[in-house]
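A closer look at the structure
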Amino acid sequence: MSIAHEETILIVDFGSQVTQLIARRVREAGVYSEIAPFNMAEEAFHRLKPKGIILSGSPAGVPDEGSPRAPEVIFESGLPILGICYGQQVMTHQLGGTVESGSGGDFGGEFGRAFIEISEECVLFDGLWQVGEKHQVWMSHGDKVTEFAPGFRIVATTEGAPFALIADDERRYYGTQFHPEVVHTPDGGKMIGNFVRHVCGCAGDWTMAEYKDAKIAEIREQVGDKKVICGLSGGVDSSVAAILIHEAIGDQLTCVFVDHGLLRMNEREQVETLFRDHYNIPLVVVDAEARFMKGLAGVTDPEKKRKFIGGEFIEVFDEESGRVGGADFLAQGTLYPDVIESVSFTGGPSVTIKSHHNVGGLPERMNMKLVEPLRELFKDEVRDLGRELGLNDQFVGRHPFPGPGLAIRIPGEVTKERCDILRKADAIYLEEIRNAGLYDAIWQAFAVLLPVKTVGVMGDQRTYDNVCGLRAVTSTDGMTADVYPFDASFLTRVSTRIVNEVKGINRVVYDYTSKPPGTIEWE
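Model, not experiment: these values are computed from the prediction. (Residues numbered from 1 in each chain as written. Predicted model: local features only at pLDDT ≥ 70, side-chain atom pairs only at ≥ 80, totals over all residues. Heavy atoms only, no water.)

A tally of helices and strands in the protein chain yields 16 helices and 20 strands. Each of the three principal axes of the protein chain carries a C-alpha extent, and together these read 80 × 60 × 40 Å. A total of 523 residues make up the protein chain; the buried ones form 56% of that total. Contacts in the protein chain between residues far apart in sequence, at least 24 positions, make up 76% of those at least 6 positions apart. Put simply, the protein chain shows about 22,800 Å² of open surface, and 48% of that area lies on carbon and sulfur atoms. (Helix = DSSP H or I, 4+ residues; strand = E, 2+ residues; numbered from the N terminus. Buried < 20%, exposed > 50% of the residue type's maximum accessible area, 1.4 Å probe, protein only. Contact = heavy atoms within 4.5 Å. Areas by Shrake-Rupley, 256 points an atom, 1.4 Å probe, with all protein chains shown as cover.)

Written as structure tokens, this is what we have:
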């Protein structure tokens, strides 16, 4: 159930890969937003009672048979509407205009950077653009509007889009053929801010402090006097969720931390210190390293590793929750992107690149209800909430760490010996990154222990040892990533330390692959 907000913008998703960015831009303007697939948008409209609506882009084409439509209730509501790309086209079509397919005609589409020329004044341009100016925008469309609906006027054009931005000021309907939500439209976020504040009349005062207070009240109402159990991974998400829940219900919460032997250097000690000493939260620590290593013996396939680790985690967690006794609720650190990505906009299956480790299978087996206090937040918002709860920047700013831990950073068989080697190399790498003042500039950095041995020379002795790969990327959301451009002196320093200090490694390489085509993790 979504938390109640006085001012909300509903984003109707037609399947665009950048719909999440629309929600981000709205929230950056200080207004709460939620995304709903087009086929669930009517229910969301009645539940959220929004102040305005944004229609997203789509891989579909409005002229295509069976392509998605916006629920009529939003046009009957009298609320402001902003249509983006497909959203502009579907709004035009449903209100009586014409959209033509780009296939088979002279128009082959418009993709990438374009320059918009402002022809008339518009409230979306307030403080941004003046009549007669040209500004960079980002286009990605194969179809186009050829006749706008009654009541609209053209306020901006490009060479390929004569209806690049249209406006019906009386009904407060606006449509952009370009994508204001992406960074390639430099002023796009401010334009969305103009829509939610100047057109929809939102105050723009949504804050994390408000969210924290409302969530604490919601947790208390949901849980009552019952007990909650939370599976800690040691990462930011589950830790912030646990601390927020503890602030709401105190010792009704018990956390379970499973040490499966696949953690980073000193991670177990850090978790114990944070939860037992600093926050005084009831914590059960389970030493399950031998159990996990036994089950991983001989397993080399990445998916089998992930499935074993997830399944075994459930088994261990199930056993420990039984010992705790009487818990009615299970707490999880589910984030908003997880919620969005779990629902296909068509209702159909999506391609699995790799399985995600999650305790989502627990409720069915354990007959527990879920408490997911972060399910409406993006990753950087979780970090802001952590700061609001008093967590220090060094903790909340930690790089993402996968649920299966070091197991997917050891291609091939996972053993305790190989985990110990990787742990030491990874700790040296991250220490050098922090010493260089680069940690916060990097989205994620880690070492990988490759299933390759090479010949080396140390002193007068021949060695035949493991290769260590280093990975570091920059990203905003983890969906795409660029390689971090370390200078040669840094990589030389790290390589020298790892080879000299970690027994079992005699060669270090750096991974220069972006995402796509690679993934951030190696498995």
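According to UniProt, the "active site" (unreviewed entry) feature falls on Cys85, His179 and Glu181. The greatest C-alpha distance among the annotated residues, which extend across 97 residues, is 10.9 Å, indicating that they converge on a single site. Note on placement: Cys85 falls in the loop between strand E4 (81–84) and helix H4 (86–94). Classification of Cys85 by relative accessible area gives buried; the value is 5%. Checked against the element boundaries, His179 lands in the loop between strand E11 (173–176) and helix H5 (188–199). (UniProt positions renumbered as here; feature names shortened; annotations may be inferred.)

Let us look at the nonpolar core. Counting residues in each nonpolar core, the largest one holds 49 residues, and the members touching the most others are Tyr429, Ile433, Leu470, Phe486, Ile498, Ile505 and Tyr510. No other element matches the eight residues that helix H15 (residues 416–435) contributes to this core. When sequence neighbours within four positions are dropped, the list of residues in contact with Tyr510 reads Tyr429, Leu470, Arg471, Ala472, Val483, Tyr484, Phe486 and Leu491. Residues Trp206, Val228, Val240 and Phe257 belong to the second largest nonpolar core, which totals 42 residues. (Core = buried A, V, L, I, M, F, W, Y, C linked by side-chain atoms within 4.5 Å.)

Before going further, it helps to examine the pairing of E4. Neither face of E4 is left uncovered, since the one carrying Ile81 and Gly83 and the one carrying Leu82 and Ile84 both have all their residues buried. With three bridges connecting them, strand E3 (residues 52–55) and E4 associate as parallel partners. Of the residues in E4, the one forming a bridge with Ile54 is Leu82. Of the strand pairs in this sheet, E4 and E11 are connected by four bridges, and their pairing is parallel. Residue pairing in the sheet places Ile84 in a bridge with Thr176 of E11. (Pairing = 2+ DSSP bridges.)

Before going further, it helps to spend a moment on the sheet that holds strand E13 (residues 253–259). Strands sit in the order E14-E13-E12-E15-E16 across an open sheet of five strands; the sheet is parallel. At either end of the open sheet lies a strand with only one pairing partner, and these are strand E14 (283–287) and strand E16 (369–371). Mean inter-strand twist for the sheet, computed between neighbouring axes without regard to direction, equals 30°. Looking at chain direction, strand E12 (residues 227–232) and E13 are connected through five bridges and run parallel. Considered in E13, the bridge of Leu232 is made with Phe257. On top of the sheet, helix H6 (residues 208–223) reaches E12, strand E15 (327–331) and E16; it is set at about 165° to E16, its chief contact. Against the sheet, helix H8 (residues 267–278) engages E12, E13 and E14, with an angle of about 165° to E14. (Axes fitted to C-alpha atoms, helices over the stretch in contact; angles between N-to-C directions.)

To continue, consider the pattern of salt bridges. Think of it this way: side chains of opposite charge can pair up when their charged atoms draw near. Applying the stated rule across the entire model yields 35 salt bridges. Ionic pairing is found between Lys212 and Glu247, a salt bridge with its closest N-O pair at 3.9 Å. One end of the pair, Lys212, is in helix H6; the other, Glu247, is in helix H7 (residues 236–249), with 35 residues separating them in the sequence. Residue Lys212 is classed as buried on the basis of its relative accessible area, which comes to 13%. Classification of Glu247 by relative accessible area gives partly exposed; the value is 36%. Residue Arg497 pairs with Glu501 through a salt bridge whose shortest N-O separation is 2.8 Å. With Arg497 and Glu501 both in helix H16 (residues 488–501), this residue pair falls four residues apart, about one helical turn. (Salt bridge = Lys/Arg side-chain N within 4 Å of Asp/Glu carboxyl O.)

Moving on, we come to the packing of H15 against H16. For any two helices packed against each other, one specifies the inter-axial angle together with the distance between the axes. Relative orientation of the contacting elements H15 and H16 amounts to 150°, with a least axis distance of 10 Å. Between H15 and H16, the interaxial angle falls into the category roughly antiparallel. Note that H15 runs across H16; the crossing there is right-handed. Residues Ala425, Ile428, Tyr429, Glu431, Glu432 and Ile433 of H15 pack against Phe490, Arg493, Val494, Arg497, Ile498 and Glu501 of H16. The residue makeup of the contact of H15 with H16, split by class, is seven nonpolar, no polar and five charged. (Parallel < 35°, antiparallel > 145°, perpendicular 65-115°, else oblique. Left-handed = near helix turned anticlockwise from the far one by under 90°. Nonpolar A, V, L, I, M, F, W, Y, C, P; charged D, E, K, R; others polar.)

We now examine the packing of H7 against helix H13 (residues 379–388). At a minimum axis separation of 10 Å, H7 and H13 run at an interaxial angle of 45°. Considered as vectors, H7 and H13 are oriented oblique to each other. Crossing geometry of H7 relative to H13 is assigned as left-handed. The segment H7 lies against H13, with Val236, Asp237, Val240 and Leu244 engaging Lys379, Val382, Arg383, Leu385 and Gly386. For the contact of H7 with H13, a count of residues per class yields five nonpolar, one polar and three charged.

Our focus in this paragraph is the packing of aromatic side chains. Counted by the stated rule, this structure contains 15 aromatic pairs. On the numbers, 6.0 Å between centres and 20° between planes, the contact of Phe14 with Phe38 is stacked. In this pair, Phe14 is assigned in the loop between strand E1 (8–13) and helix H1 (19–28) and Phe38 in the loop between strand E2 (32–37) and helix H2 (41–48), connecting sequence segments 24 residues apart. The exposure class of Phe14 is buried, given its relative accessible area of 0%. Between the aromatic rings of Tyr429 and Phe486, the centroid separation amounts to 6.3 Å while the plane-to-plane angle is 65°, which identifies the pairing as edge-to-face. One end of the pair, Tyr429, is in helix H15; the other, Phe486, is in the loop between strand E19 (482–483) and H16, and 57 residues separate them in sequence. The exposure classification of Tyr429 matches that of Phe486, with both residues buried. Taken together, the ring pairs connect Tyr429, Tyr484, Phe486, Phe490, Tyr510 and Tyr512 into an aromatic cluster. When the ring centre of Phe378 is taken as origin, the NZ or CZ atom of Arg24, which lies over that ring, is 4.9 Å away. (Phe/Tyr/Trp six-rings, centres within 6.5 Å; stacked < 30°, edge-to-face > 60°. Lys NZ or Arg CZ within 6 Å of the ring centre and 35° of its normal.)

Next up on the list: the environment of Thr176. Structurally, the position occupied by Thr176 is in strand E11. Excluding anything up to four places from it in sequence, Thr176 contacts Leu82, Gly83, Ile84, Cys85, Gln88, Ala164, Leu165 and Met191.

Overall, the predicted model of the protein chain reaches an average pLDDT of 87, with 91% of residues at or above 70. Throughout residues 104–108 the model reports pLDDT below 50, and contacts reaching past four residues in sequence, or to other chains, amount to seven contacts. Per-residue pLDDT stays below 50 along residues 344–361; that stretch engages in 30 contacts with residues further than four places along the chain or on separate chains. (pLDDT = per-residue confidence, 0-100.)

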